[in-house]
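Understanding the architecture of this molecule
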Amino acid sequence: MKKLFALLLAAAALQSCSQTNTTNEGQEITTAATETETNTYGASFTEDNVLSAGQLQQAVGGNDSIQATVAAEIVQSCQSKGCWMDVKLEDGSTMKVTFRDYGFFLPVEDLSGKTAVFTGMAKHEVISVEDQRHFAEDAGKSAEEIAAITQPREELRFVADGVKLK
């Protein structure tokens, strides 16, 4: 009986070491095996024609929107689900980067100071007070800071199809 119990315990331990996880929706996710794959989220992409944040600001200037691959420093990221990040622009402001159709998320650890390379669509948008407050809450801002948001704001936004953390 003790041998059977030990055998079952060993089998359970081996099963728990499997590299395949299942989400609540029943989708199967395979844990990445190499470091480069581990740092890629969403669609994989090549780092060709990568723009700096300043180059992106200039490129989107007279356009409604543009498709681009950008490298920028992360200022802050969602601490709740990993569903957005703010990256530093050349003029000292930030650009909110969200992920296409919430198709992927970044780690919820503090990513401040890390460099991200991301590909997708950049465009100017008017951000509602409600959305600004939601993002402030996700960032862990105080109730006073959240209440101080009272006006919609136009800003440069980016919807990423894929992100690589450096």
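It should be noted that the structure appears before, not after, this text.
Residue positions are given per chain, counted from 1 along the sequence in the order it is written. In view of the model being predicted, local features appear only for residues whose pLDDT reaches at least 70, and side-chain atom pairs are presented and counted only at 80 or more, with totals across whole chains, interfaces and linings using the full set of residues. For the side-chain quantities, the full set of heavy atoms in the structure was used; hydrogens and water were omitted.

1. Examining the pairing of strand β5 (residues 65–77)
Pairs of strands are assigned from DSSP output, requiring at least two bridges between the strands. Only DSSP runs of H or I reaching four residues or more are called helices, and only runs of E reaching two or more are called strands; each is numbered from the N terminus. Bridge analysis of strand β4 (residues 50–52) against β5 gives three bridges, and the strand direction is parallel. When the sheet's bridge partners are listed, Leu51 is paired in β5 with Val70. In this fold, β4 hands off to helix α3 (residues 53–60), which returns the chain to β5; that crossover is right-handed. As defined by bridge partners, β5 adjoins strand β8 (residues 115–127) across nine bridges and the pair is classed as antiparallel. Looking at β8, one finds that Ser65 is bridged to Lys123. The sheet contact formed by β5 and strand β6 (residues 84–88) spans three bridges and is antiparallel. Pairing of Gln76 across the sheet is with Asp86, part of β6. If the strands point away from the viewer and the path from the first strand over the helix to the second runs clockwise, then the crossover is right-handed.

2. Some thoughts on the state of the cysteines
Cysteine sulfur atoms are paired as a disulfide whenever they fall within 2.5 Å. Considering all chains together, one arrives at zero disulfides under this definition. Not engaged in a disulfide, the cysteine Cys78 finds its nearest cysteine sulfur in Cys83; these two sulfurs lie 3.6 Å apart. The exposure class of Cys78 is buried, given its relative accessible area of 0%. Throughout this description, buried means an accessible area under 20% of the type-specific maximum (1.4 Å probe, protein chains only), exposed means over 50%, and partly exposed covers the range between.

Spatial relationships are all this shows, so hold off on functional conclusions.
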